[in-house]
Amino acid sequence: MSIADALRVSPGAETNAVAGRAAVLSSSGGSFSIEEITLQKPRGDEILVKVAGVGVCHTDVVCRDGFPMPMPVVLGHEGAGVVEAVGAGVTRIKPGDHVILSFDSCGACPNCARSAPSYCYNFMPANFGAVRMADGSTPMNAADGHPINARFFGQSSFATHLIARERNAVPVPADAPLEILGPLGCGIQTGAGSILNSLKVGRGDAVAIFGAGAVGLSGVMAARIAEAAHIVVIEPNPSRRDMALEFGATAVIDPKAVEDVVAAVKAAGPGGVSHALDTTGIPAVIGGAFQCLLPNGMLGLVGMPPPDAAFPANIMDMLVRGVGVKAFVEGDSDPEIFIPQLVKYHLEGKLPFDRLIRRYSLDQINEAFEDTISGRAIKPVLIL
Ligand SMILES: [Zn+2]
Ligand SMILES: [Zn+2]
């Protein structure tokens, strides 16, 4: 151990509350190694959670493979579990509560104040900093005492235990299937929220959804909940097109089998669509989605584009039809309000997101990531 490393060793092992295991990432583009860790006791507004299950989201892949992260780090941002202890300042949550962890936000900026925490002015440091915003510290240590950055999305849930904040934890009923609920905190919330909260799709509307991964298929389920008249799904994978039909799509299009995707979408809807959602991030697909819009239509963007991609549309074309485009973060959700609604839809059978899930153990995390990238799994969930 170098002197610099020795100085980083955290003092005060007596403050450690719990020992567990976590999937630790030590270098960008590397693989995860399962390591023994300790977590400190929860501070003022923090809670200690024993993880029941955690989803793998595309953002985890991006952060493993190149997005700048402070190493070593524990990723994971679709956790669900049981609260084991709470800090002195926690008022809403108590030990024994079942919670879904969602994204973190500052709670003090204008957008947090107006119940739009996904547009928190401090969203980047709160979620991608992987340390406590207040003082840059982390609640996790390796067996030898080295700090491990473990506040990714306010949770770092690829672990048996985590420290979150009361602010990014949402209590859920004890009769809901806790181990698979984590994806409601990000991927499913993003798909369903984009349709219900952001685009505000309503009865009789025509919607096109580009890409039928976990986000797109959640959007299909939500469009059916909204009673859209036309739900058109564009997806090259045949089994995903079949799922889209089962979840409520009124038409599916294989973009590789038709000459003109825009014409096919217009034919499947009433001459176009009032709302479109792109989950692919592919510039050519986004350009096509934009052309499918009826006058006064709106296109929402949630897919991760190449870093240097520009928006592929003509401004005059936008002006004459009066159409709009907006990037949506986390489906415009206020998790405290929207996640209980999603749980209710699921328990009523209207949001069968469980059918998207493939189960893995924590030890199989590297396999789960490969299956996310290859498309073999729509929504991997690590069951603890
Ligand atoms: Zn904020
Ligand atoms: Zn996510």
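For every chain, the first residue of its written sequence is number 1, and the numbers climb from 1 along that sequence. Chain letters and ligand numbers both follow the written order, the letters beginning at A and the numbers at 1. Only residues with pLDDT of at least 70 are given local features in this predicted model, and only at 80 or more are side-chain atom pairs given and counted; all residues enter the totals for whole chains, interfaces and linings. Side-chain metrics rest on all non-hydrogen atoms present in the structure, leaving aside hydrogens and water.

### Observations regarding the environment of V49
Right, on to step 1. The way it works is that DSSP assigns letters per residue, a run of H or I at least four long becomes a helix, a run of E at least two long becomes a strand, and they are numbered from the N terminus. You can see V49 is positioned in strand β3 (residues 46–55).
Right, on to step 2. Along the chain, V49 and V99 lie 50 residues apart, while their C-alpha atoms are 8.3 Å from each other.
Right, on to step 3. In what follows, residue pairs with any heavy atoms lying within 4.5 Å of each other are defined as contacts. When near neighbours in sequence (up to four residues on either side) are disregarded, V49 contacts G81, V82, V83, E84, V99, L101, T160, H161 and L162.

### Some remarks on the pattern of salt bridges
Right, on to step 1. For this document, the term salt bridge refers to a Lys or Arg side-chain nitrogen within 4 Å of an Asp or Glu carboxyl oxygen. If you walk through the whole model with that rule in mind, you get 18 salt bridges.
Right, on to step 2. For E370, the salt bridge goes to R64, with nearest N and O atoms at 3.2 Å. One end of the pair, E370, is in helix α12 (residues 365–374); the other, R64, is in helix α2 (residues 58–64), and 306 residues separate them in sequence.
Right, on to step 3. Taken together, the salt bridges that share partners define one network made up of D45, D104 and R165.

### Considerations on the coordination of the zinc ion (ligand 2)
Right, on to step 1. Around the zinc ion (ligand 2), the protein contributes the donor atoms C57 (SG), H77 (NE2) and C186 (SG), which lie 2.1 to 2.2 Å from the metal centre.
Right, on to step 2. Any nitrogen, oxygen or sulfur atom within 2.8 Å of a metal ion counts as a donor, with the limit raised to 3.2 Å for Na, K and Ca, and since water is left out, coordination shells can look unfinished. As a motif over one chain, the donors of the zinc ion (ligand 2) read C-x19-H-x108-C. With H77 in the loop between α2 and β4 (79–86) and C186 in the loop between β9 (169–172) and α5 (187–198), this residue pair connects regions lying 109 residues apart in the sequence. C186 shares its class with H77; the two are buried. Exposure categories follow from relative accessible area, calculated using a 1.4 Å probe and restricted to protein chains: below 20% of the type maximum is buried, above 50% is exposed, and the middle band is partly exposed.

### Structural notes on the packing of helix α6 (residues 214–225) against helix α7 (residues 238–247)
Right, on to step 1. Interaxial angles span 0 to 180 degrees and are taken between N-to-C directions of axes, which are lines fitted to C-alpha atoms, for helices over the stretch in contact. Following both chains from N to C, one finds α6 and α7 inclined at 20°, their axes separated by 9 Å at the closest point. When the axis of α6 is compared with that of α7, the two are roughly parallel. Considering the relative orientation of α6 and α7, their crossing is right-handed. Across the interface between the two elements, L217, V220, M221 and R224 from α6 touch R240, M243, A244, E246 and F247 from α7.
Right, on to step 2. The residue makeup of the contact of α6 with α7, split by class, is 6 nonpolar, no polar and 3 charged. Under this scheme an angle from 65 to 115 degrees is roughly perpendicular, one under 35 degrees roughly parallel, and one over 145 degrees roughly antiparallel; angles in between are oblique. Less than a right angle of anticlockwise turn of the near helix away from the far helix marks a crossing as left-handed, whereas a clockwise turn marks it as right-handed. Amino acids are sorted into nonpolar (Ala, Val, Leu, Ile, Met, Phe, Trp, Tyr, Cys and Pro), charged (Asp, Glu, Lys and Arg) and polar (every other residue, Gly among them).

### A short note on the domain arrangement of the protein
Right, on to step 1. Domain delimitation in this document rests on an assignment produced automatically or drawn from a domain database. What the domain assignment reports for the protein is domain 1 (3–185 + 352–383) and domain 2 (188–329).
Right, on to step 2. The straight-line distance from the C-alpha centre of domain 1 to that of domain 2 is 31 Å.
Right, on to step 3. Contacts between domain 1 and domain 2 engage 17 residues on the former and 16 residues on the latter.
Right, on to step 4. Taken together, both faces of the contact between domain 1 and domain 2 bury some 1,400 Å²; the carbon and sulfur share is 65%.
Right, on to step 5. Taken as a group, Y119, R355 and I378 account for 38% of the area that domain 1 buries against domain 2, more than any other trio of residues on that side.
Right, on to step 6. Summed over the shared surface of domain 1 and domain 2, the result is 1 salt bridge.
Right, on to step 7. Residues E246 and R355 are paired through a salt bridge, measuring 2.5 Å at the closest nitrogen-oxygen approach.
Right, on to step 8. Counting of polar contacts relies on pairs of N or O atoms within 3.5 Å, with two restrictions inside protein: one atom must be capable of donating a hydrogen and the other of accepting it, and residues adjacent in sequence are counted only when both atoms are side-chain atoms. Put simply, domain 1 and domain 2 have 8 residue pairs in polar contact (both at pLDDT 80 or more) between them. The term buried area refers to how much accessible surface (probe radius 1.4 Å) is lost by two components on association, counted for both of them together.

### Comments concerning the coordination of the zinc ion (ligand 1)
In an ideal tetrahedron of four donors about a metal, each angle is 109.5 degrees. In an ideal octahedron of six donors, the angles are 90 or 180 degrees.
Right, on to step 1. Every protein donor of the zinc ion (ligand 1) is accounted for by C106 (SG), C109 (SG), C112 (SG) and C120 (SG), and the metal-donor separations fall at 2.3 to 2.4 Å.
Right, on to step 2. Only four donors with every angle between 85 and 135 degrees are called tetrahedral; only four or six donors with opposite donors over 155 degrees apart and all others between 65 and 115 are called square planar or octahedral, in that order; all others are irregular. Each of the 4 donor atoms around the zinc ion (ligand 1) contributes to a set of angles spanning 100 to 119°, which defines the coordination as tetrahedral.
Right, on to step 3. Of note, the donors binding the zinc ion (ligand 1) are all from one chain and are spaced C-x2-C-x2-C-x7-C. Note that C106 is positioned in the loop between β5 (98–101) and α3 (110–113) and C120 in the loop between α3 and α4 (123–128), a separation of 14 residues in sequence.

### A few points about the confidence of the model for the protein
Right, on to step 1. Residue-level confidence of the predictor, termed pLDDT, takes values from 0 up to 100. Taken as a whole, the protein shows an average pLDDT of 95; of its residues, 96% reach a score of 70 or greater.
Right, on to step 2. Per-residue pLDDT stays below 50 along residues 1–14; that stretch engages in 13 contacts with residues further than four places along the chain or on separate chains.

### Focus on the environment of V232
Right, on to step 1. Along the chain, the position of V232 falls in strand β11 (residues 230–234).
Right, on to step 2. In the structure, V232 is positioned 81 residues away from R151 in sequence and 38 Å away in space, judged by C-alpha atoms.
Right, on to step 3. Not counting the four nearest positions on each side in its chain, V232 is found in contact with V207, A208, I209, T250, A251, I253, V265, A268 and G269.

### Focus on the side chain of Q40
Right, on to step 1. Position of Q40 relative to the elements: it lies in strand β2 (residues 33–40).
Right, on to step 2. Among the polar contacts listed, one links the side chain of Q40 to the side chain of N141, at a separation of 3.0 Å.

### What to know about the pairing of strand β14 (residues 293–301)
Right, on to step 1. By this definition, two strands are paired if DSSP reports at least two bridges between them. Where strand β13 (residues 273–278) and β14 come together, 5 bridges link them in parallel fashion. What sits directly across from V273, in β14, is L293.
Right, on to step 2. Pairing of β14 with strand β15 (residues 324–327), which is carried by 4 bridges, proceeds in the parallel orientation. Residue pairing for β15: M298 is matched across the bridge by G324.

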